[in-house]
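If you want the building blocks of each chain, they are given just below.
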Amino acid sequence: MIARVLFALFCLAIPAAADAGCSVSASGVAFGNYDGSATSADDATGTITINCFILSGLGGYTIALSPGRDGSYTARRMISGTATLPYQLYADPARTQIWGDGSGGSSTVRSFDIIPLLGGSSTYQIYGRIPARLSPRPGAYNDTIVITVSY
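Just so it is clear, the structure is predicted and the values come from calculations on it, not from any experiment.

**Q** What am I meant to see in the overall build of the chain here?
**A** Summing up its helical and strand segments, the chain has zero helices and eleven strands in all. In the chain, the order of α-helices and β-strands from amino to carboxyl end is β-β-β-β-β-β-β-β-β-β-β. A burial count over the chain gives 40% of its 151 residues as buried. Pairs at least 24 residues apart make up 69% of the contacts formed inside the chain by residues separated by at least 6 positions. With the model as given, the accessible surface of the chain reaches about 7200 Å², and the carbon-plus-sulfur share is 55%.

So this is what it looks like as structure tokens:
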């Protein structure tokens, strides 16, 4: 089974999409105001929550993220009009594992947490990063990511 929901950066509320008694929801990764003169990267976090209302299976599940508008896991970009701002989403707090679908140098998150599959919920952190010392044009930048949960 596959459940999908759109995930947007900057705290856009997305209604959960139900599939076989389960739903997936996400908070945005809100970077806030970017300071191009800062010497360290701009880090932010978001969450993905998987919630099941009925018994949905016992084999665990995999959480995959799409590459976003640019179609590349190694070069995710937010846009504001015609301007772009590079960023990345990671599966780990050290920000070493690019969270994607397993292709293009990315990794998925595989969980054997059966609580949501037995009728409960689990939450996962998404770790975002914008590199330091960029000079983007002023604006509100965003990207849309599709979350796919396979179980």
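**Q** How should I be thinking about the pairing of strand 6 (residues 77-80) in this particular structure?
**A** The side chains of a regular strand alternate, residue by residue, between the two faces of the sheet. Residue alternation in strand 6 divides its side chains into a buried set, M78 and S80, and an unburied set, R77 and I79. Pairing analysis gives four bridges linking strand 6 to strand 7 (residues 83-86), with the strands arranged antiparallel. Opposite M78, over in strand 7, you have L85 as the bridge partner. What sits between the antiparallel neighbours strand 6 and strand 7 is a turn of two residues, in which G81 has the positive phi angle 65 degrees.

**Q** What am I meant to see in the layout of surface pockets here?
**A** Using a probe with the size of a water molecule, rolled over the atoms, empty space left in the structure can be pinpointed. Its boundaries defined by the atoms lining it, the largest pocket holds a volume of some 190 Å³. Together, 13 residues line the largest pocket, and G32, N33, Y34, G139 and Y141 are the ones closest to its centre. Residue composition of the lining of the largest pocket, by class: nine nonpolar, three polar and one charged.

**Q** I tried to follow unusual backbone geometry on my own but got confused; where do I start?
**A** Backbone geometry follows two general trends: most residues other than glycine have a negative phi, and most peptide bonds adopt the trans configuration. A positive phi angle, near 60 degrees, is found at R95, a position not held by glycine. Relative to the elements of secondary structure, R95 occurs in the loop between strand 8 (88-90) and strand 9 (109-111). Unusually for a residue other than glycine, R133 sits at a positive phi of about 60 degrees. Mapped onto the secondary structure, R133 falls in the loop between strand 10 (121-130) and strand 11 (144-150).

**Q** Would you take a moment to explain the nonpolar core for this structure?
**A** For soluble globular proteins, the rule of thumb is that nonpolar side chains tend to be buried together. Residues I48, I63, W99 and I147 are the most contacted members of the largest nonpolar core, which totals 25 residues. For this core, the secondary structure elements donating two or more residues are strand 3 (22-26), strand 4 (42-52), strand 5 (61-65), strand 7, strand 10 and strand 11. Apart from the residues within four sequence positions on either side, I48 is in contact with V24, S25, A26, I63, L65, W99, S122, T123, Y124, I126 and I147.

**Q** Which parts of the structure should I look at to understand the pattern of salt bridges?
**A** Pairing is possible between side chains that carry opposite charge, provided their charged atoms lie close to one another. Taken as a whole, this structure holds four salt bridges when the rule is applied. Here D43 and R129 are joined by a salt bridge, their closest N and O atoms 2.7 Å apart. Of this pair, D43 sits in strand 4 while R129 sits in strand 10, placing them 86 residues apart in sequence. On the basis of relative accessibility, which here comes to 27%, the residue R129 falls in the partly exposed class. Ionic pairing is found between D70 and R77, a salt bridge with its closest N-O pair at 3.0 Å. For R77, a relative accessible area of 31% corresponds to the partly exposed category. Through salt bridges with shared partners, a single network forms among D43, R95 and R129.

The rules we used
- Residues numbered from 1 in each chain as written.
- Predicted model: local features only at pLDDT ≥ 70, side-chain atom pairs only at ≥ 80, totals over all residues.
- Heavy atoms only, no water.
- Helix = DSSP H or I, 4+ residues; strand = E, 2+ residues; numbered from the N terminus.
- Buried < 20%, exposed > 50% of the residue type's maximum accessible area, 1.4 Å probe, protein only.
- Contact = heavy atoms within 4.5 Å.
- Areas by Shrake-Rupley, 256 points an atom, 1.4 Å probe, with all protein chains shown as cover.
- Pairing = 2+ DSSP bridges.
- 1 Å grid on protein atoms, 1.4 Å probe; cavity = no way out; pocket = protein on both sides within 12 Å on 5 of 7 lines; lining within 4 Å.
- Points joined across faces, edges and corners; volume = space filled by probe spheres on them.
- Nonpolar A, V, L, I, M, F, W, Y, C, P; charged D, E, K, R; others polar.
- Core = buried A, V, L, I, M, F, W, Y, C linked by side-chain atoms within 4.5 Å.
- Salt bridge = Lys/Arg side-chain N within 4 Å of Asp/Glu carboxyl O.

Honestly, that's just the spatial picture; any functional story needs more than this.
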